[in-house]
Amino acid sequence: MKDGKMAEHLGETHELKRVMGPGLLLLFIVGDILGTGIYALTGQVAAEVGGVVWLPFLVAFGVALLTAFSYLELVTKYPKAAGAALYTHKAFGIHFLTFLVAFAVMSSGITSASTASRAFAANFVASTGLASGGLTITLVALAFIALVAAVNFRGVGESVKVNVLLTVVELSGLLIIIGIGFWAIMGGQGDVSRAFTFQPAQDHGLFWSVIAGTTLAFFAMVGFEDSVNMAEECKEPSRIFPKVLLGGLIITGIIYVLVAISAITLVPAADLGEGETPLLKVVQAGAPGFPISVFGIITMFAVANSALINMMMASRLIYGMAREGVLPTLLGRVHEKRRTPYIAILLTTSIAVLLITFVGAVPALGGTTALLLLCVFAIVNIAVLVLRKDKVEHKHFRTPTIVPVLGAISCVFLAGPWTGRDPIQYAIAGALIAVGILFWFITVRVMKTSAQPA
């Protein structure tokens, strides 16, 4: 693809209507971060560190904050849509690298949606009283992802009003957990001392157990990077983005720590780490009279939104790359009546079905999402430093140089095998990127055969 066409694809020649002020942007950021991670992985984090389950979430918040500062410099410097792909293209000008970053972001959307599907299924089974078991959860998850595909095919758009509603639903579930926890504490129930009890998995020390837990907890912090794609639709993005993005991260960070403390106060780490519905156990322990089905519905609502948003993003990204000649043009076909990218939806849904069927476990899928995004974040942090030589006319946020350096180092460190990350996550991520590279070479061969410039 020629650089001019790449620039057009990455949002440099088309302006979107600027309708979002600081309030709506804050709700978008908070709503995007809240969701599957905290609802599904709290127990798995507890299995790594015991009672100090809040600590990995706090470390994950710190790492996310470093990268958020890098995103702030880039989004205020280049207030356009396309996010990491745009920054990678501007910094390095290597089309193949830009493609890999875009494909990694797309793949993270599919693994995130697959995680949400498993979490939805587990909560559905627990709330309805169906016979629990791996096969039942898998079948429900497959039915759910098929429903998501059907909604995606119909072309349902996410409006700001819907985002506000879903954010309120997601937030209400977490506030219920915090409220139950602190009500129990005030009433002398539970054991607050557990929140300061370290119980490492296997023979790991405090440091490596916390790092292992952080690799899982980081999945709960991702989502803030999606907000940069709203830059073209924000009023005065260079002015409002810094305080709004940092404010959103701080709000969600505080909520996550409070949820973790409430959870471990009411449910021992060993029990919290069993199964895929940790927060349902907290409700049962702290408020046995609270309708468990109501909280289950709130949880399903939260993770369903995550799945739909991620699958829409993944299919549209595939569609966009196909339309620009980066992937086979077949993937860019649009349904005549629905005007939706049905081939791209079929492909992304098929990949999700394979992940749900043959991988299944929430930690593996959620961990793969975090792994892919950690690699993308490392590149974004480096891009900040490379793009310092590129001057723009308007004022923009500038992060201290040490921040992107620490951000890149921390992301690379957390992506490494020394963290105790499950090898299956590397296998999943590697397989997804291999598929992307295969698409790349097929497209290049087709374009050469057709005598089209690559």
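Caption draft 1: Local environment of the overall build of the protein chain. Along the protein chain, the regular secondary structure elements total 17 helices and 0 strands. Relative to its 454 residues, the protein chain shows a buried fraction of 55%. Across the protein chain, the fraction of contacts at a sequence separation of at least 24, relative to all contacts at a separation of at least 6, is 82%. A total accessible area of about 18,200 Å² is found for the protein chain, and carbon and sulfur atoms account for 68% of it.

Caption draft 2: Structural context of the nonpolar core. Among the nonpolar cores identified, the biggest contains 132 residues, and F57, L174, F218, F224 and Y256 are the most heavily contacted of them. Beyond its immediate chain neighbours, meaning those up to four positions away, Y256 contacts I33, L34, G35, I38, F57, L174, A220 and M221.

Caption draft 3: Fine view of the side chain of T369. With respect to the secondary-structure elements, T369 resides in helix α15 (residues 362-386). In this structure the side chain of T369 is engaged in a polar contact, spanning 3.1 Å, whose partner is the backbone oxygen of L365. What T369 contacts, discounting residues up to four positions off in sequence, is S108, T111, S112, T115 and F219.

Caption draft 4: View of the packing of aromatic side chains. Per the stated rule, a full pass over the model turns up 17 aromatic pairs. Measuring from ring centre to ring centre gives 5.8 Å for Y71 and F377, while their planes differ by 85 degrees; the resulting arrangement is edge-to-face. Linking Y71 in helix α4 (residues 54-77) with F377 in helix α15, this pair joins segments that are 306 residues apart in sequence. Residue Y71 is classed as buried on the basis of its relative accessible area, which comes to 2%. Aromatic ring contacts, followed pair by pair, group Y71, Y87, F218, F224 and F377 into a single cluster.

Caption draft 5: Representation of the environment of F103 in the model. Examined against the element boundaries, F103 turns out to sit in helix α6 (residues 95-128). The exposure class assigned to F103 is buried, which follows from its relative accessible area of 2%. Distance in space between the C-alpha atoms of F103 and A314 is 8.8 Å, their sequence separation being 211 residues.

Caption draft 6: Looking closely at the pattern of salt bridges. Taken as a whole and judged by the stated rule, the model has 1 salt bridge. Residues E73 and R388 are paired through a salt bridge, measuring 2.8 Å at the closest nitrogen-oxygen approach. Here E73, found in helix α4, pairs with R388, found in the loop between α15 and α16 (402-415); they are 315 residues apart in sequence, far enough to count as distant. Residue class for E73 comes out buried when judged on its relative accessible area of 2%.

Caption draft 7: Seen up close, the confidence of the model for the protein chain. With 87% of its residues at a pLDDT of at least 70, the protein chain reaches an overall mean of 82. Ranking the elements of the protein chain by mean pLDDT puts helix α1 (residues 3-9) last, at 48, and α16 first, at 96. Contacts from residues 1-17, a stretch scored under 50 in pLDDT, to residues over four places away or in other chains number 37 contacts.

Caption draft 8: Layout of the state of the cysteines. Throughout the structure, instances matching the rule amount to 0 disulfides. Unpaired in this structure, C375 has its nearest cysteine sulfur neighbour in C411, at a distance of 8.9 Å. Of the residues examined, C375 reaches a relative accessible area of 41% and is grouped as partly exposed. With relative accessibility at 0%, the residue C411 sits in the buried group.

Caption draft 9: Up close: a nonpolar patch on the surface. Residues L385, I402, V405, L406 and I409 make up a contiguous nonpolar surface patch of about 400 Å² in total accessible area. A total of 4 residues in the nonpolar patch trace back to one element, the largest contributor, which is α16. The class for V405 is partly exposed, based on a relative accessible area of 31%.

Caption draft 10: Structural detail: the environment of S262. Mapped onto the secondary structure, S262 falls in helix α10 (residues 237-266). When its relative accessible area of 0% is taken as the criterion, S262 is described as buried. Linking S262 and V192, residues 70 residues apart in sequence, is a C-alpha distance of 8.4 Å.

Caption draft 11: The packing of α6 against helix α14 (residues 342-358), seen in detail. One way to put it is that α6 packs onto α14 with a least axis distance of 9 Å and a crossing angle of 50 degrees. Taken together, α6 and α14 sit at an angle that is classed as oblique. As for the relative orientation of α6 and α14, their crossing is right-handed in sense. Where α6 approaches α14, its residues M106, I110, T111, S114, S117 and R118 are matched on the opposing element by T348, I351, A352, L355 and I356. Of the residues contributing to the contact of α6 with α14, the split by class is 6 nonpolar, 4 polar and 1 charged.

Caption draft 12: Examining the packing of helix α7 (residues 134-154) against α14 more closely. At a minimum axis separation of 10 Å, α7 and α14 run at an interaxial angle of 170 degrees. Taken together, the axis directions place α7 and α14 in an arrangement best described as roughly antiparallel. Along this stretch, α7 crosses α14, giving a crossing that reads as right-handed. Contact residues: T138, A141, L142, I145, A149, N152 and F153 in α7; Y342, I345, T349, A352, V353, I356 and T357 in α14.

Caption draft 13: Representation of helix α9 (residues 206-221). For α9, with 16 residues, the first-to-last C-alpha span of 22 Å sits near the 22 Å given by 1.5 Å per residue. The largest bend along α9 measures about 35 degrees and falls at T215. In terms of burial, α9 is a largely internal element, 13 of the 16 residues being buried. G223 occupies a position one or two residues after α9 and carries a positive phi of about 125 degrees.

Caption draft 14: Structural context of helix α3 (residues 36-49). The end-to-end C-alpha distance of α3, which contains 14 residues, comes to 20 Å, matching closely the 20 Å that a straight helix rising 1.5 Å per residue would cover. Of all bends in α3, the biggest is about 50 degrees, found at T42. The buried fraction of α3 is high, at 11 of 14 residues. Those residues of α3 lying buried are T36, G37, I38, Y39, A40, L41, T42, G43, V45, A46 and V49.

About the thresholds
- Residues numbered from 1 in each chain as written.
- Predicted model: local features only at pLDDT ≥ 70, side-chain atom pairs only at ≥ 80, totals over all residues.
- Heavy atoms only, no water.
- Helix = DSSP H or I, 4+ residues; strand = E, 2+ residues; numbered from the N terminus.
- Buried < 20%, exposed > 50% of the residue type's maximum accessible area, 1.4 Å probe, protein only.
- Contact = heavy atoms within 4.5 Å.
- Areas by Shrake-Rupley, 256 points an atom, 1.4 Å probe, with all protein chains shown as cover.
- Core = buried A, V, L, I, M, F, W, Y, C linked by side-chain atoms within 4.5 Å.
- Polar contact = N/O pair within 3.5 Å; in protein donor to acceptor, adjacent residues only side chain to side chain.
- Phe/Tyr/Trp six-rings, centres within 6.5 Å; stacked < 30°, edge-to-face > 60°.
- Salt bridge = Lys/Arg side-chain N within 4 Å of Asp/Glu carboxyl O.
- pLDDT = per-residue confidence, 0-100.
- Disulfide = S-S within 2.5 Å.
- Patch = residues over 30% accessible without salt bridge, like charges linked within 9 Å, V, L, I, M, F, W, Y side chains within 5 Å.
- Axes fitted to C-alpha atoms, helices over the stretch in contact; angles between N-to-C directions.
- Parallel < 35°, antiparallel > 145°, perpendicular 65-115°, else oblique.
- Left-handed = near helix turned anticlockwise from the far one by under 90°.
- Nonpolar A, V, L, I, M, F, W, Y, C, P; charged D, E, K, R; others polar.
- Expected span 1.5 Å × (residues − 1).
- Bend = angle between axes of the 7 residues up to and from the residue.

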